[in-house]
Amino acid sequence: GTSIRDLLVAVLVGVVAALVIAPTQRLAANVAMRSKRVGLAVPLFLGALTVGALALIVRALGGNSQDLLFSGQSALPDLATRSSVGMLVILLVAKAIGYGVCLGCGFRGGPLFPPIFLGIAIAMVAAIVLHLSPTLAVAVGAAAGMAGAAGLLFSPVLFALLLAGTANQDDVPAAVMASAAAW
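Residues numbered from 1 in each chain as written. Predicted model: local features only at pLDDT ≥ 70, side-chain atom pairs only at ≥ 80, totals over all residues. Heavy atoms only, no water.

### Notes on the overall build of the chain
Short version of the rule: Each helix is a run of DSSP H or I of at least 4 residues and each strand a run of E of at least 2, with the numbering of both proceeding from the N terminus. Note on exposure labels: buried denotes an accessible area under 20% of the residue type's maximum, exposed denotes more than 50%, and partly exposed covers the range between, all computed with a 1.4 Å probe on protein chains only. What makes two residues a contact is simply this: any of their non-hydrogen atoms within 4.5 Å. For the area figures, the Shrake-Rupley method with a 1.4 Å probe applies, and any residue is considered shielded solely by the protein chains shown.
Looking only at helices and strands, the chain has nine helices and zero strands in total. Going from the N terminus to the C terminus, the chain shows its helices and strands as α-α-α-α-α-α-α-α-α. Overall, the C-alpha framework of the chain stretches about 55 × 35 × 25 Å when taken along its three principal axes. For the chain, the proportion of its 183 residues judged to be buried stands at 44%. In the chain, the share of contacts with a sequence separation of at least 24, taken over all contacts with a separation of at least 6, comes to 76%. Surface exposure of the chain reaches about 8,800 Å², of which carbon and sulfur atoms provide 69%.

This is the structure we're talking about:
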């Protein structure tokens, strides 16, 4: 079942996800605004250089650079099994910066999976620290990340339910709370 603690953690994850995603989107808008002045080639080159440097930093610190370089949907199973808060925070910061730079420079990938990755990373930090279920963290993080990025309320909950599976329907109320808090 769902406990009050799960719901409170969901609200906290939703708020933190919104506080991470909003500056990331502002970074993207600032980079895009500056990119218009110099043409397409320079921002693409500088964006690739920045993200490549972030990937090297993540790898040097013991993380998987592939988690940073791609949208994140293929990295979600590995993310849900991480047990190091430090590595999650490193991935979170690097992914947020890389996502903002890529959006602003003109690289186009999925606009939703990087924020979902960020939301799940935030929720996994809470799950590790508070000894919560990883499935709850995935549902809450996915809902918070998608709601924070897309500004939607119900679609993130449906996505979280599909991601967590019907056997974990007890996580839906927490996903609702996370979605509402991030929205």
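### Looking at empty space enclosed by the protein
Gaps between atoms show up when a probe of the same size as a water molecule is rolled over them. To keep things clear, this is the line we draw: Throughout, the protein atoms alone are placed on a 1 Å grid, and a set of points is a cavity if a 1.4 Å probe fits but cannot get out or a pocket if it is open with protein on both sides within 12 Å along at least five of seven lines; lining residues have an atom within 4 Å of a point. Grid points are joined across faces, edges and corners, and a volume is the space filled by probe spheres set on the points. Following the grouping adopted for this structure description, the nonpolar residues are Ala, Val, Leu, Ile, Met, Phe, Trp, Tyr, Cys and Pro, the charged ones are Asp, Glu, Lys and Arg, and the polar ones are all others, Gly among them.
All chains considered together, the criterion is met by one cavity of 30 Å³ or more. In this structure, the largest cavity spans a volume of roughly 40 Å³. Around the largest cavity, the lining residues are Val-9, Val-13, Ala-123, Ala-127, Leu-132, Ser-133, Leu-136, Ala-137 and Val-140. Looking at the lining of the largest cavity, the elements that each hand over two or more residues are α1 (4-38), α6 (113-130) and α7 (134-150). Per-element tally for the lining of the largest cavity: the top contributor is α7, with three residues. Residues belonging to the lining of the largest cavity are distributed by class as follows: eight nonpolar, one polar and no charged.

### Side note on the confidence of the model for the chain
For clarity, the cut-off: What pLDDT expresses is the predictor's confidence in each residue, scored from 0 to 100.
Taken over all residues, the pLDDT of the chain has a mean of 88, while the share at 70 or more is 95%. The lowest-confidence element of the chain is helix α4 (residues 76-80), averaging 70 in pLDDT; the highest-confidence one is helix α9 (residues 172-182), averaging 94.

### Focus: α1
Put simply, the rule reads: Expected helix span is given by 1.5 Å per residue-to-residue step, counting one fewer step than there are residues.
When the terminal C-alpha atoms of α1 are compared, their 52 Å separation across 35 residues agrees well with the 51 Å that a helix rising 1.5 Å per residue should span. Of the residues making up α1, those classed as buried are Asp-6, Val-9, Ala-10, Val-13, Gly-14, Ala-17, Ile-21, Thr-24, Ala-28, Val-31 and Ser-35. Tucked into the core, α1 has its buried residues touching α2 (41-60), α5 (85-105), α6, α7 and α9. Positive backbone phi, approximately 95°, marks Gly-39, located one or two places after α1.

### Focus: the packing of α1 against α7
Put simply, the rule is: Axes here mean lines fitted to C-alpha atoms, for a helix over just the part in contact, with angles spanning 0 to 180 degrees between N-to-C directions. Each angle receives one of four descriptions, namely roughly parallel if under 35 degrees, roughly antiparallel if over 145, roughly perpendicular if within 65 to 115, and oblique otherwise. Handedness of a helix crossing follows the sense of rotation of the near helix relative to the far helix, less than a right angle counterclockwise being left-handed and clockwise being right-handed.
The geometry of α1 relative to α7 is characterised by a closest axis approach of 8 Å and an angle of 40° between their N-to-C directions. In terms of orientation, α1 lies oblique with respect to α7. In the crossing of α1 with α7, the sense of the turn from one axis to the other is right-handed. Note on element contacts: α7 touches α1 through Leu-136, Val-140, Gly-141, Ala-144, Gly-145, Gly-148 and Ala-149, opposite Asp-6, Ala-10, Val-13, Gly-14, Ala-17, Ile-21 and Gln-25. Residue classes in the contact of α1 with α7 are distributed as eight nonpolar, five polar and one charged.

### Some remarks on the side chain of Ser-65
By the element assignment, Ser-65 lies in helix α3 (residues 65-69). Sequence-distant contacts of Ser-65, defined by excluding residues within four places in its chain, comprise Ala-55, Val-58 and Arg-59.

### Overview of the packing of α1 against α5
For the pair α1 and α5, interaxial distance at closest approach is 7 Å and the crossing angle is 35°. Two packed elements cross with a definite hand, and for α1 against α5 that hand is right-handed. Across from Val-20, Thr-24, Leu-27, Ala-28, Val-31, Ala-32 and Ser-35 in α1, the residues of α5 making contact are Ala-96, Ile-97, Tyr-99, Gly-100, Val-101, Leu-103, Gly-104 and Cys-105. A class-by-class count of the residues in the contact of α1 with α5 yields eleven nonpolar, four polar and no charged.

### Notes on the packing of aromatic side chains
This is how it is decided: Side-chain rings of Phe, Tyr and Trp (the six-membered ring for Trp) are treated as a pair once their centres are within 6.5 Å; stacked means planes under 30 degrees apart, edge-to-face means over 60, and tilted covers the remaining angles. Comment: the charge-over-ring label is applied if NZ (Lys) or CZ (Arg) is within 6 Å of the ring centre and within 35 degrees of the ring normal.
In the structure shown here, the tally under the stated rule is one aromatic pair. A ring pair is formed by Phe-113 and Phe-159, whose centres lie 6.0 Å apart and whose planes are at 75°; its orientation type is edge-to-face. Remark: Phe-159 occurs in helix α8 (residues 154-164) and Phe-113 occurs in helix α6; sequence separation between them is 46 residues. In this structure, Lys-95 packs its charged tip against the face of Phe-117, placed 4.9 Å from the ring centre.

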